Amino acid sequence: VQLGRPVVVADLLATFVFALQGGATAAGAGLDVFGILVVAFVAALGGGVVRDVLIGDVPPAAFRSTVYPVVAFGGGAVATLLFSLVREIPPLVLGSLDAAGLALFAVVGAAKANDHGMNLLLAALLGALSAVGGGVMRDLLLGQVPLVLNSQVYAVAALAGAAVTATLLSLRAPRAAALAGGAVICLALRLLALWNGWQLPRIV
Amino acid sequence: VQLGRPVVVADLLATFVFALQGGATAAGAGLDVFGILVVAFVAALGGGVVRDVLIGDVPPAAFRSTVYPVVAFGGGAVATLLFSLVREIPPLVLGSLDAAGLALFAVVGAAKANDHGMNLLLAALLGALSAVGGGVMRDLLLGQVPLVLNSQVYAVAALAGAAVTATLLSLRAPRAAALAGGAVICLALRLLALWNGWQLPRIV
Amino acid sequence: VQLGRPVVVADLLATFVFALQGGATAAGAGLDVFGILVVAFVAALGGGVVRDVLIGDVPPAAFRSTVYPVVAFGGGAVATLLFSLVREIPPLVLGSLDAAGLALFAVVGAAKANDHGMNLLLAALLGALSAVGGGVMRDLLLGQVPLVLNSQVYAVAALAGAAVTATLLSLRAPRAAALAGGAVICLALRLLALWNGWQLPRIV
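Being a predicted model, the structure only gives us computed values, none of them experimental. (Residues numbered from 1 in each chain as written. Chains lettered and ligands numbered in written order. Predicted model: local features only at pLDDT ≥ 70, side-chain atom pairs only at ≥ 80, totals over all residues. Heavy atoms only, no water.)

## Some details on the pattern of salt bridges
Residue and element names in this part refer to chain A. Note the following rule: What counts as a salt bridge is simple: a side-chain nitrogen of Lys or Arg found within 4 Å of a carboxyl oxygen of Asp or Glu. Think of it this way: any DSSP run of H or I at least four residues long counts as a helix, any run of E at least two long counts as a strand, and we number them from the N terminus. Remark: exposure states derive from per-residue accessible area (1.4 Å probe, protein chains only) relative to the maximum for the residue type, with buried under 20%, exposed over 50%, and partly exposed in between.
By the definition in use, this model includes 18 salt bridges over all chains. Here D57 makes a salt bridge to K112, at a shortest N to O gap of 2.8 Å. Of this pair, D57 sits in the loop between α2 (33-55) and α3 (61-64) while K112 is found in helix α6 (residues 91-115), placing the two residues 55 residues apart along the sequence. Looking at D57, the relative accessible area reads 15%, which means it is buried. Residue classification places K112 among the buried positions, given a relative accessible area of 5%. Note that D139 is salt-bridged to R138, the shortest N-O span being 2.9 Å. With relative accessibility at 1%, the residue D139 sits in the buried group.

Shown next as structure tokens:
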């Protein structure tokens, strides 16, 4: 995907936030420093790697540059070194940063899938997978049922944002508008859910 | 793989059954409606996606059409909306439907691997993986040791059916005969095991 | 990767040791004989398969030959048939064999990634992934937090060895020297950690 410079900067920031969060979760679960770095790496880059494998763009983009792995390990290192500080970040603040990362990963992932000729449905699904895949792997590595399958309108927000971007792109909207439109929808949905404690219904 | 129309219809039915089952399991585990749809999707399509990634056929076939994702989500939606009904389906009935899906996925997967030049051993393994991979991922997402590694002659039946199909194809048997032969073996083995409660031996 | 005959023999031995260990772990966890074979297979070949998928070398090398699957299943079969004997192998002996396998998989994986044009950082990471990926999948299948994320300098040793090999290769050292140098470093680190009970620090 050709991304403008602001999107690249935002993408790296999102990578850092996901790595920070993943690393802090792993540290809290009692892993050693290396395990923390691994979980940070997987949480930050895992979703995009699976997306790239599925669309046949290998080696995955995160593995063709040096900056993404370095930023991911950097987030894990900060989580390790400043754990007592990171743990003090209020959940709503961290959750809001995370929501921004979620929105960005979802729309960039949808745009990339669209560029590779995926239809609208698949572009939306792959965008959502890019955004939540790392979190799913983080939780599996820590022996937990993935939170994103079970929390406040998290993956749904990613899917909604990715679907908006994919739809706008398929309608030949300008690329910046398609990315921005999807990101706003995802961010708004997730923040509203987070602040209001919205939950999707359960069956049992 | 070129599949005749009856095989395509059967393949879609099997996708639906696996999605229904995966969705019902997720609902019973307390996931929200979105998590239920995700687990249904993964249970129905995950095995074939991994097979296609391993043989280098990307994007995976399930991602190149719209009908497979729609059927998988449809199965999850039915499991959500009609959960109290689905839960009432007697285990032997659901297990028998599942056995039919297992047989079909195993032989179609083996035929596809064979078409991509895999040798007999690998075609059999990839056929079995196509059939049980979705169930393994379903259980991992729900935080459980995969049932298929530990239940009545389930994966073994898939492997036996896939091996028969791969062997018949490598002997240049007609395609329909190879598919039917493997499917009958898998179905018979699994149904006999299910009805009689057969278990493979354990060491401890 | 072009490997000399001694490296191929060592690689097959390492595959066997990983399969034996994986199979014994699965047997101890109460899986049936088929589940034991599956876990042995995944433990022995999973890391290399993921590496190959990520560098775009599909079908994975382990799936293009017959000998690797056969050796992996052979290790699982021995673990099943001789479980009471395998269980008696002193942990230090099995751990030392395992360390040799770890070293070999790490440096061969790093060399393969280097041959596919990966930069130094990625070659080191993919080498480490080749070495520990199978163990991670083994533990996930058994419902456990991956041991390698949390034990004595295990993945760190793999990463160090892979980094040494990747560095030597990028400095155009002779291939045999690059492989041997990395393997010695990994083996020495892991054995020292194992014998002395070294642990990486934890945060909580």
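## Considering the relation of the copies chain A and chain C
Where we set the bar: The copies were overlaid by least squares, fitting only the C-alpha atoms of residues that reach a pLDDT of 70 or more in each copy. Residue contacts are counted whenever heavy atoms from the two residues lie within 4.5 Å of one another.
Turning chain A through 120 degrees and shifting it by 0.0 Å along the axis lays it on chain C, with an RMSD of 0.0 Å. Such values leave the two copies arranged in the relation of a three-fold axis. When the interface residues of chain A are mapped onto chain C, a mere 7% of them again lie at the interface, so each copy presents a different face.

## Observations concerning the interface of chain A and chain C
Threshold: Summed over both partners, buried area is the accessible surface (1.4 Å probe) that two parts give up on being assembled. Side-chain atoms alone can form a polar contact between residues adjacent in sequence; in general such a contact is a pair of N or O atoms within 3.5 Å, and within protein one must be able to donate a hydrogen while the other accepts it. All residues other than Ala, Val, Leu, Ile, Met, Phe, Trp, Tyr, Cys, Pro, Asp, Glu, Lys and Arg, Gly among them, are scored as polar; the first ten of these are nonpolar and the last four charged.
With 30 residues of chain A at the interface, the matching set in chain C holds 25 residues. Roughly 2200 Å² of surface becomes buried between chain A and chain C when both sides are summed, with 77% attributable to carbon and sulfur atoms. Contact with chain C buries surface across chain A, with A:D32, A:F34 and A:F63 losing the most and accounting together for 30% of the total. Counting across the chain A and chain C interface gives 0 salt bridges. The interface formed by chain A and chain C includes 3 residue pairs in polar contact (both at pLDDT 80 or more). With 9 residues, the single largest contributor to the side of chain A that touches chain C is α2(A). Split into classes, the residues belonging to the side of chain A that touches chain C amount to 21 nonpolar, 7 polar and 2 charged.

## Let's talk about the packing of α2(A) against helix α7 (residues 120-141) of chain A
Packed helices, taken two at a time, are described by their axes: the angle between them and the distance between them. Residues and elements named next belong to chain A. For clarity, the threshold we go by: Angular values range over 0 to 180 degrees, each being the angle between N-to-C directions of two axes fitted as lines to C-alpha atoms, with helices fitted over their stretch in contact. If an angle is under 35 degrees, it is roughly parallel; if it is over 145, roughly antiparallel; if it lies from 65 to 115, roughly perpendicular; otherwise it is oblique. It is the rotation of the near helix from the far one that decides the hand of a crossing: anticlockwise by less than a right angle makes it left-handed, clockwise makes it right-handed.
Contact geometry for α2 and α7: axes closest at 7 Å, N-to-C directions at 135 degrees. Relative to α7, the element α2 lies oblique. Like other packed secondary-structure pairs, α2 and α7 cross with a definite hand, here right-handed. Contact residues: α2 offers V39, V42, A43, G46, G47, G48, V50, R51, L54 and I55, while α7 offers L126, L129, S130, G133, G134, G135, M137, R138 and L141. Of the residues that constitute the contact of α2 with α7, the class distribution is 10 nonpolar, 7 polar and 2 charged.

## With respect to the packing of aromatic side chains
For clarity, the cut-off: Only rings of Phe, Tyr and Trp enter the pairing, Trp through its six-membered ring, and a pair is recorded when the two centres are within 6.5 Å. The plane angle decides the type: under 30 degrees is stacked, over 60 is edge-to-face, the rest tilted.
In the structure shown here, the tally under the stated rule is 9 aromatic pairs over all chains. Taking the centre distance of 6.4 Å and the plane angle of 50 degrees together, the rings of A:F41 and A:F63 count as tilted. Pair noted here: A:F41 is in helix α2 and A:F63 is in helix α3, with a separation of 22 residues, a long-range link. By relative accessible area, which is 12% here, A:F41 ends up buried. Ring geometry for C:F18 versus C:F105: centroids 4.9 Å apart, planes at 50 degrees, classification tilted. Here C:F18 is found in helix α1 (residues 5-28), whereas its partner C:F105 is found in helix α6 (residues 91-115), with 87 residues between them in sequence. Residue class for C:F18 comes out buried when judged on its relative accessible area of 5%. Members of the aromatic cluster, each reached through a chain of ring pairs, are A:F41, A:F63 and A:F73.

## What to know about the interface of chain A and chain B
Taken together, the contact pairs 25 residues of chain A with 30 residues of chain B. Approximately 2200 Å² of surface area, both sides summed, lies buried where chain A meets chain B, with 78% of it carried by carbon and sulfur atoms. Broken down residue by residue, the surface that chain A buries against chain B is led by A:L54, A:L149 and A:I203, which jointly contribute 29%. The tally of links from chain A across to chain B stands at 0 salt bridges. For the pair chain A and chain B, the number of links is 3 residue pairs in polar contact (both at pLDDT 80 or more). For the side of chain A that touches chain B, the secondary-structure elements that each account for two or more residues are α2, α7 and α8 (155-170) of chain A. Here the element with the most residues in the side of chain A that touches chain B is α7(A); it accounts for 6 residues. Here the side of chain A that touches chain B is composed, by residue class, of 20 nonpolar, 4 polar and 1 charged.

## Re a nonpolar patch on the surface
Residues and elements named next belong to chain A. Put simply, the test is: Exposure above 30% relative accessible area and the absence of a salt bridge qualify a residue for a patch, where like charges join within 9 Å and nonpolar side chains (Val, Leu, Ile, Met, Phe, Trp, Tyr) within 5 Å. For accessible areas, the Shrake-Rupley method is used with a probe of radius 1.4 Å. Any residue's cover is judged against the shown protein chains and nothing else.
A cluster of nonpolar residues, L81, L82 and L85, forms a patch on the protein surface that exposes about 330 Å² of accessible area. Mapped onto the fold, L82 is located in the loop between α4 (67-81) and α5 (83-86). For L82, a relative accessible area of 38% corresponds to the partly exposed category.

## Concerning the relation of the copies chain A and chain B
The transformation that overlays chain A on chain B combines an axial shift of 0.0 Å with a rotation of 120 degrees, and the residual RMSD is 0.0 Å. The residues that chain A uses at the interface reappear at the interface of chain B in only 8% of cases, marking distinct surfaces.

## So, helix α4 (residues 67-81) of chain C
To keep things clear, this is the line we draw: Expected helix span is given by 1.5 Å per residue-to-residue step, counting one fewer step than there are residues.
In a regular helix each residue adds 1.5 Å, so 15 residues correspond to 21 Å; α4(C) covers 20 Å between its end C-alpha atoms and thus fits that length. Against α7 (120-141) of chain B together with α1, α2 (33-55), α3 (61-64) and α5 (83-86) of chain C lie the buried residues of α4(C).

On their own, these measurements won't tell you what the molecule is for.
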